[in-house]
Amino acid sequence: MRMRHYPALLAGFTLSMSAFAAPADGWTLPVTMKKLDNGLTVIVSEDRTSPTVGVSVVYHVGMRLEPKNRTGFAHLFEHLMFQGTPNAPKGIFDTTITGGGGWNNGSTRPDFTNYIETVPSSALEPILWLEADRMKTLDFSATTLKNQQDVVKEEIRVNVKNQPYGGFMWIDISQHAFQKWENNHDGYGSFEDLENASLDDVRAFHRDYYGPNNAVLAIAGDITPQQGFALAQKYFGAIPARPVPKGTDFSEPLNTAEKRLQQSDALAQVPAIAAAWKVPERGSRDQAPVAVLAELLGGGDASLFYQGLVKGREIALNVDILFGLTSPWEYNGPTLMTVHALYKPDSSADAILKAMDEEIAKVARDGVDDATLKRVKTRMLADWNNKLESFVNRADTMAKLQVLWGDANVVNKIPGWIDGVTSSDIQRVVKTYLVPTNRTVIDRKPAAMIEAAKTAATSATTTTAPAGANK
């Protein structure tokens, strides 16, 4: 989440592989893997259709694992990773990549931080040298830290504080839906916490979480597995493994009572609503059905919520569904499926929720007809495959799945999981998760709208006061 852009291994895996058959026209990506002696997992996916490569280095650390009283630290650290090292001072990273015709970025999410590049295959070695160099150490200086503290604070101003709605559909909703600090704190960070981050904090974070044994390197594109493994050994092999702190237990059960609140927004022109439900843990048999359900409810203009709330009842202006800051496949802890909609000022949050509940009730009662379910799955599979056409997306997806699932081959299993979802699966997860007791709702209204309602209420009270009441 740098300014110029937006911000456990497999255990107890309960999803039955035999339950899902791969689609007949499935696309199997090559996945070749090797673990270096220092613990770095290396993945290579060969594809000679373009003389380019995509590179992703994913570290198993994110917002959920940042220190308490240091909200936003994982994000701040992501910025610091671009500020140079003793061997490659600030600016060298970007100029080396762009000078070779490439592109790079990084982002921070609850369960991982990823760094991605795409370059011509002839320019791959400098990229790997740079990634290995910043895995070894950074330019730990007070000047660099202060500079990036200011940059992150400005990003918060631009993306949250000075934006209508201010990310309430993923920041605020999580603060109210979750109970544990690891899950409910603001991953962007408070100004106070960001300012209190010290050089010792930075050094400790790099030492604890940025070792090779806590990372996955994936390369996709114009390279053979043998070439990729040899280059990984050349540049990363001598970096020593480092102890990784034991994580806390941040699991949470489903909620048992609905939470409702209203917020005022000085910058918004129309009201908005966010309604979120806790969803099943990664690896649950319900994970794929929930992903398909989300597409059914909010995936595009043909979705039930769009047709029911925007086109049919004409009370909403748009409808979107999100899974926090990730996808329905890229999380490793408590996560929300959140419906976000702008709605017409002459409607209300109650009307929006009533309409959503009516659409949900139809699915719970009747399931999904074959034609609709096929359409939804086809759209999901097309989106999945289209994303993976990009070498950098392919490398990044494999690296993230290896970090979260302990299995990069999940990239080839997800289409089968989607294809295997049935109408009865959809009904089951609707009845289990999309219930009012598991729901958290924020009604975000323009400040002027709230003030106008207060004025009207006061006026109505004065007008209807009994005779002599003011004597």
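Thresholds, definitions, all that
Residues numbered from 1 in each chain as written. Predicted model: local features only at pLDDT ≥ 70, side-chain atom pairs only at ≥ 80, totals over all residues. Heavy atoms only, no water. Helix = DSSP H or I, 4+ residues; strand = E, 2+ residues; numbered from the N terminus. Buried < 20%, exposed > 50% of the residue type's maximum accessible area, 1.4 Å probe, protein only. Lys, Arg positive; Asp, Glu negative; His and termini not counted. Salt bridge = Lys/Arg side-chain N within 4 Å of Asp/Glu carboxyl O. Contact = heavy atoms within 4.5 Å. Pairing = 2+ DSSP bridges. Axes fitted to C-alpha atoms, helices over the stretch in contact; angles between N-to-C directions. Phe/Tyr/Trp six-rings, centres within 6.5 Å; stacked < 30°, edge-to-face > 60°. Lys NZ or Arg CZ within 6 Å of the ring centre and 35° of its normal. Core = buried A, V, L, I, M, F, W, Y, C linked by side-chain atoms within 4.5 Å. Domains from an automatic or database assignment. UniProt positions renumbered as here; feature names shortened; annotations may be inferred. Polar contact = N/O pair within 3.5 Å; in protein donor to acceptor, adjacent residues only side chain to side chain. Buried area = accessible area lost by both parts, 1.4 Å probe. Parallel < 35°, antiparallel > 145°, perpendicular 65-115°, else oblique. Nonpolar A, V, L, I, M, F, W, Y, C, P; charged D, E, K, R; others polar.

- The chain is annotated in an unreviewed UniProt entry as Putative Zn-dependent peptidase of Massilia aurea.

What about the side chain of arginine 242?
Then step 1. Among the structural elements, arginine 242 can be located in the loop between helix 9 (225–236) and strand 7 (259–265).
Then step 2. Here arginine 242 sits buried without a salt bridge, and the closest side chain of opposite charge, aspartate 208, lies 7.1 Å off (N-O distance).
Then step 3. Not counting residues up to four positions away in its chain, the partners in contact with arginine 242 are Met135, Lys136, His206, Arg207, Tyr210, Gly211 and Asn213.

Quick notes on the pattern of salt bridges
Then step 1. One pass over the structure, following the stated rule, counts 33 salt bridges.
Then step 2. As a salt-bridge pair, arginine 260 and aspartate 350 come within 2.7 Å of each other at their nearest N and O atoms. On the criterion of sequence distance, the pair formed by arginine 260 in strand 7 and aspartate 350 in helix 12 (residues 349–366) is long-range, its members being 90 residues apart.
Then step 3. For arginine 260, a relative accessible area of 43% translates into the label partly exposed.
Then step 4. Salt-bridge contacts for aspartate 396 lead to lysine 400; the nearest nitrogen and oxygen are separated by 3.2 Å.

Concerning the sheet that holds strand 4 (residues 103–108)
Then step 1. Read from one edge to the other, the open sheet built from six strands follows the order 1-2-6-3-5-4, with strand pairing classed as mixed. Strands at the two margins of the open sheet, each flanked by one partner only, are strand 1 (32–35) and strand 4. For this sheet, the mean inter-axis angle between neighbouring strands, taken without regard to orientation, is 15°.
Then step 2. Examined bridge by bridge, strand 4 and strand 5 (residues 113–120) share six bridges and lie antiparallel to one another.

Examining the packing of aromatic side chains
Then step 1. Under the counting rule described, the total for this entry stands at 15 aromatic pairs.
Then step 2. With centroids separated by 6.2 Å and ring planes inclined at 50°, the aromatic side chains of tryptophan 329 and tryptophan 417 adopt a geometry described as tilted. Here tryptophan 417 lies in helix 15 (residues 410–419) and tryptophan 329 lies in the loop between strand 9 (320–322) and strand 10 (336–342), a separation of 88 residues in the sequence.
Then step 3. By way of ring pairs, the aromatic residues Tyr59, Phe73, Phe77, Phe82, Phe93, Tyr115, Phe205, Tyr209 and Tyr210 are connected into one cluster.
Then step 4. A cation over a ring is seen here: lysine 153 above phenylalanine 191, with NZ or CZ 5.8 Å from the ring centre.

A look at the nonpolar core
Here is a general trend for soluble globular proteins: nonpolar side chains tend to be buried in one another's company.
Then step 1. Formed by 69 residues in total, the largest nonpolar core has its most connected members in Met337 and Ile426.
Then step 2. Each of domain 1 (32–237) and domain 2 (259–456) contributes no fewer than three residues to this core.
Then step 3. Residue contacts for isoleucine 426: discarding those within four places in its chain leaves Pro289, Val292, Leu293, Leu296, Val363, Val368 and Val421.
Then step 4. In terms of nonpolar packing, the next biggest core, distinct from the first, is built from 67 residues, Val57, Ala123, Tyr165 and Phe205 among them.

Some words on the UniProt feature "domain: Peptidase M16 C-terminal" (unreviewed entry) in the chain
Then step 1. If you check UniProt for "domain: Peptidase M16 C-terminal" (unreviewed entry), the listed places come out as residues 197–379 in our numbering.
Then step 2. For residues 197–379, the helix share is 39%, the strand share is 17%, and the end-to-end C-alpha distance is 44 Å.

Here's the deal with the side chain of glutamine 263
Then step 1. Considering the arrangement of structural elements, one finds glutamine 263 in strand 7.
Then step 2. There is a polar contact of 2.9 Å between the side chain of glutamine 263 and the side chain of aspartate 172.
Then step 3. For glutamine 263, the side chain forms a polar contact with the side chain of arginine 444, separated by 2.6 Å.
Then step 4. Excluding its chain neighbours within four sequence positions, the residues that come into contact with glutamine 263 are Phe168, Asp172, Ile442, Asp443, Arg444, Lys445 and Ile450.

Looking at the domain arrangement of the chain
Then step 1. Each domain of the chain was delimited in the assignment, giving domain 1 (32–237) and domain 2 (259–456).
Then step 2. Centre-to-centre, using C-alpha coordinates, domain 1 lies 28 Å away from domain 2.
Then step 3. Counting residues at the interface gives 49 residues for domain 1 and 42 residues for domain 2.
Then step 4. Carbon and sulfur atoms supply 72% of the area that domain 1 and domain 2 bury against each other, a total of about 3,600 Å² over both sides.
Then step 5. Contact with domain 2 buries surface across domain 1, with Tyr165, Phe168 and Ile173 losing the most and accounting together for 20% of the total.
Then step 6. Across the domain 1-domain 2 interface, the total number found is two salt bridges.
Then step 7. Salt-bridge contacts for arginine 394 lead to aspartate 47; the nearest nitrogen and oxygen are separated by 2.9 Å.
Then step 8. Along the contact surface separating domain 1 from domain 2 lie 13 residue pairs in polar contact (both at pLDDT 80 or more).
Then step 9. Among the elements of the structure, strand 2 (41–46), strand 3 (52–59), strand 4, strand 5, helix 5 (172–177) and strand 6 (215–221) are those that each provide at least two residues to the side of domain 1 that touches domain 2.

Some words on unusual backbone geometry
Then step 1. Phi at tyrosine 165 is positive, roughly 75°, even though this residue is not glycine.
Then step 2. Even without being glycine, glutamate 314 reaches a positive phi, approximately 55°.
Then step 3. The residue glutamate 314 is located in the loop between helix 11 (304–312) and strand 9 in this model.
Then step 4. Since its relative accessible area comes to 48%, glutamate 314 is described here as partly exposed.

Structural notes on the packing of helix 13 (residues 370–388) against helix 14 (residues 391–405)
Then step 1. As a packed pair, helix 13 and helix 14 sit with axes 6 Å apart at the nearest point and diverge in direction by 110°. Relative to helix 14, helix 13 is oriented roughly perpendicular. Here Trp384, Lys387 and Leu388 of helix 13 lie close against helix 14, whose contacting residues are Asn393, Arg394 and Thr397.
Then step 2. When its residues are assigned to classes, the contact of helix 13 with helix 14 shows two nonpolar, two polar and two charged.

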